[in-house]
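Coordinate analysis (summary)
Now for the letters of each chain:
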Amino acid sequence: MNNSLKLDYYTQLFFLIAGIISAVIGCFFDFGFMLFYFVVGIPQLLSFTVRAFQKENKSVVYIVYGIFILPVWLSLLIVFGLNNEYGIANFLGYVLIISLVYSPVLSFFYVYDLYQSSKKI
C-alpha cells in the first residue's frame, strides 16, 4: 500500500507539473489555460476513484476534494449529454464556471494530501 501511495503521489506530481507547463504553452497557441484542467483533472479523478475503494482512512482534504470535484465532472457530462436542454445546461454551466476558480487550488491540495498520506504509512 505504501508503494502504491508513493507511486500515485509521484504520478500526480508529474501531471500537476505537466498541467502547469501545458497551460503556459497553451497560452501561446490560443488554447489558454484550459488544457491544465484536463491534463491534471483526469488523472486526479482516476486516482480519487481508486483511493475511494481502498480501506485506508480518508483525510479531510480527500473528502472535501471529492465533495467539490465530483459535481464538476458530473456537470460536464450532463452539459455535453443534454446540450439541447438550455435550462439544465445553463444551471450546470454556473457550476462549471465557479469550478474554474477552485479546482486548481484543490488539485494542489490533493497532491499535498497524497504526499502526507504516503509519509504516514
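One can find the structure itself at the top, above this paragraph.
So, here's what we can say about the structure.

Now for the overall build of the protein chain. When helices and strands are tallied, the protein chain shows 4 helices and 0 strands. From first element to last, N terminus to C terminus, the protein chain shows the α and β order α-α-α-α. Reported as C-alpha extents along the three principal axes, the dimensions of the protein chain are approximately 50 × 35 × 20 Å. A sequence separation of at least 24 residues applies to 67% of the contacts in the protein chain between residues at least 6 apart.

What follows deals with the nonpolar core. Membership of the largest hydrophobic core comes to 21 residues, with the highest contact counts inside it found for Phe36, Tyr65 and Tyr110. Those elements that provide at least two residues to this core are helix H1 (2-28), helix H2 (34-52), helix H3 (60-81) and helix H4 (86-120). For this core, the element with the most residues is H3, which contributes 7 residues. In contact with phenylalanine 36, not counting residues within four places along its chain, are Leu16, Gly19, Ile20, Ser22, Ala23, Gly41, Pro104 and Ser107.

Parameters at a glance
Residues numbered from 1 in each chain as written. Predicted model: local features only at pLDDT ≥ 70, side-chain atom pairs only at ≥ 80, totals over all residues. Heavy atoms only, no water. Helix = DSSP H or I, 4+ residues; strand = E, 2+ residues; numbered from the N terminus. Contact = heavy atoms within 4.5 Å. Core = buried A, V, L, I, M, F, W, Y, C linked by side-chain atoms within 4.5 Å. Buried < 20%, exposed > 50% of the residue type's maximum accessible area, 1.4 Å probe, protein only.

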